[in-house]
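Working through the structure, step by step
Each chain is listed here by its residues.
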Amino acid sequence: MLQQTQANRVAIRFKALIKQYPSIVQLAQATNKEILTLWSGLGYNRRALYLVQSAKIILHQYKGKIPSELSELIQLPGVGVYTAGAIRAFGCNLWGIFLETNIRTVLIHHLFQKSRNKISDQILSQHLVAINHIVQKQLPSARTWYSHLMDYGAELKSQGVQINNQTKNYIKQKPFQGSNRQMRGAIIRALTNNHTLSQTNLHSILNAKSKLHQSKIAYCLAALTREGMISARRDRYRIL
């Protein structure tokens, strides 16, 4: 849920998710429509489907216990090195290396005062390895350390320290307004509120008055169908 989404937006949805699916077993049984309805508003809806797919794998392959090895975690749908590292640190209290925006802010702010341009994640990771080696001798809890580190980074940013855009791995997110991401989210919301809809229905719901707007709807419908999020039959679309 925290991938590319602010914590304050996630907090309410997280509580609802845990209440509705308090165990891996129950999460693995969630339908696409159920999880997408709960997820509505967070964006990047594919993550919701990855969550359920991962729960099914954990249930059947790991007997319901979330794995702690990095190599096993990154095999789960939608889990990359960052998410795997966060799971290991916060869920398992295991030491390891992972970078996100707040951690980068701390490292760059204190270690690269003079030369910040194009600092790579590889260089930051090397420094974090050395720092962790020192820290864990005095603070054995990886969970506590990374909580402090991320909170401190968030505090620096709130004070106006904005330096992530100077790193080599920084990718500026495209505007949400008018994007395909916005359209995909609108289509998913419309379909979670209705059993099935035709393209004409969607044009009406999404107020698609222009040919360009209608073309974008058609493009996103095709993409969502290819990705297995929705199905199409006789010009009727529904959540799979």
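The structure reproduced in this document is the subject of the present report.

Rules of the game
Residues numbered from 1 in each chain as written. Predicted model: local features only at pLDDT ≥ 70, side-chain atom pairs only at ≥ 80, totals over all residues. Heavy atoms only, no water. Axes fitted to C-alpha atoms, helices over the stretch in contact; angles between N-to-C directions. Helix = DSSP H or I, 4+ residues; strand = E, 2+ residues; numbered from the N terminus. Parallel < 35°, antiparallel > 145°, perpendicular 65-115°, else oblique. Contact = heavy atoms within 4.5 Å. Nonpolar A, V, L, I, M, F, W, Y, C, P; charged D, E, K, R; others polar. Salt bridge = Lys/Arg side-chain N within 4 Å of Asp/Glu carboxyl O. Buried < 20%, exposed > 50% of the residue type's maximum accessible area, 1.4 Å probe, protein only. Phe/Tyr/Trp six-rings, centres within 6.5 Å; stacked < 30°, edge-to-face > 60°. Pairing = 2+ DSSP bridges. Polar contact = N/O pair within 3.5 Å; in protein donor to acceptor, adjacent residues only side chain to side chain. Core = buried A, V, L, I, M, F, W, Y, C linked by side-chain atoms within 4.5 Å. Expected span 1.5 Å × (residues − 1).

Close contact between helix α7 (residues 101-111) and helix α8 (residues 121-138) brings their axes to 11 Å; oriented N to C, the two are set at 85°. By the criterion of interaxial angle, the relationship of α7 to α8 is roughly perpendicular. Listed contacts from α8 to Ile103, Arg104, Leu107, Ile108 and Leu111 of α7 are Asp121, Leu124, His127, Leu128 and Ile131. Per-class residue counts for the contact of α7 with α8 are seven nonpolar, one polar and two charged.

What follows is about the pattern of salt bridges. Scanning all chains against the criterion turns up three salt bridges. Note that Glu227 is salt-bridged to Arg46, the shortest N-O span being 3.1 Å. Here Glu227 is found in the loop between α12 (211-226) and β2 (230-233), whereas its partner Arg46 is found in helix α4 (residues 46-61), with 181 residues between them in sequence. What makes Glu227 partly exposed here is its relative accessible area of 36%. A salt bridge links Arg184 to Glu227; the nearest nitrogen and oxygen atoms lie 2.7 Å apart.

Quick look at the packing of aromatic side chains now. Under the defined criterion, the tally for this structure stands at three aromatic pairs. With centroids separated by 6.2 Å and ring planes inclined at 70°, the aromatic side chains of Phe90 and Phe98 adopt a geometry described as edge-to-face. For Phe90, a relative accessible area of 29% gives the class partly exposed. For Phe98, a relative accessible area of 2% corresponds to the buried category.

So, about the pairing of β2. With four bridges connecting them, β2 and strand β3 (residues 236-239) associate as antiparallel partners. Directly across from Ser231, in β3, lies its bridge partner Arg238. Linking β2 back to β3 in an antiparallel pair, the connection comprises two residues, with Arg234 at a positive phi of about 50°.

Another aspect to go through is α7. Given 3.6 residues per helical turn, the α-helix brings residues three or four places apart onto the same face. Burial analysis of α7 places eight of its 11 residues in the buried class, the great majority of the element. Of the positions making up α7, those classed as buried are Asn102, Ile103, Arg104, Thr105, Val106, Leu107, Ile108 and His109. Where α7 begins, one side-chain oxygen reaches toward the backbone nitrogen of Asn102, 2.8 Å away; that side chain belongs to Glu100.

Among the nonpolar cores identified, the biggest contains 40 residues, and Ile35, Leu36, Ile187 and Ile230 are the most heavily contacted of them. Taken together, the elements giving at least two residues each to this core come down to α1 (7-20), α2 (24-28), α3 (32-39), α4, α10 (180-192), α12 and β3. With six residues, the single largest contributor to this core is α10. For Ile187, the contacting residues outside a window of four places in its chain are Leu206, Ile217, Cys220, Leu221 and Leu224.

Turning our attention to α8. For α8, built from 18 residues, the straight-helix expectation of 26 Å at 1.5 Å per residue is met to within 8% by its first-to-last C-alpha distance of 26 Å. Of the residues making up α8, those classed as buried are Asp121, Leu124, Leu128, Asn132 and Val135. Summarising the contacts, the buried residues of α8 are in contact with α7 and α9 (142-158).

The subject of this paragraph is unusual backbone geometry. In this structure, Lys63 is a non-glycine residue whose phi angle is positive, near 55°. Relative to the elements of secondary structure, Lys63 occurs in the loop between α4 and α5 (70-73). Although it is not a glycine, Asn207 sits at a positive phi angle of roughly 55°. Among the secondary structure elements, Asn207 is positioned in the loop between α11 (199-205) and α12.

Let us now look at the side chain of Ser179. Mapped onto the elements of the fold, Ser179 is located in the loop between α9 and α10. Overall, the relative accessible area of 15% leaves Ser179 in the buried class. A polar contact is formed between the side chain of Ser179 and the backbone nitrogen of Arg181, at a distance of 3.4 Å.

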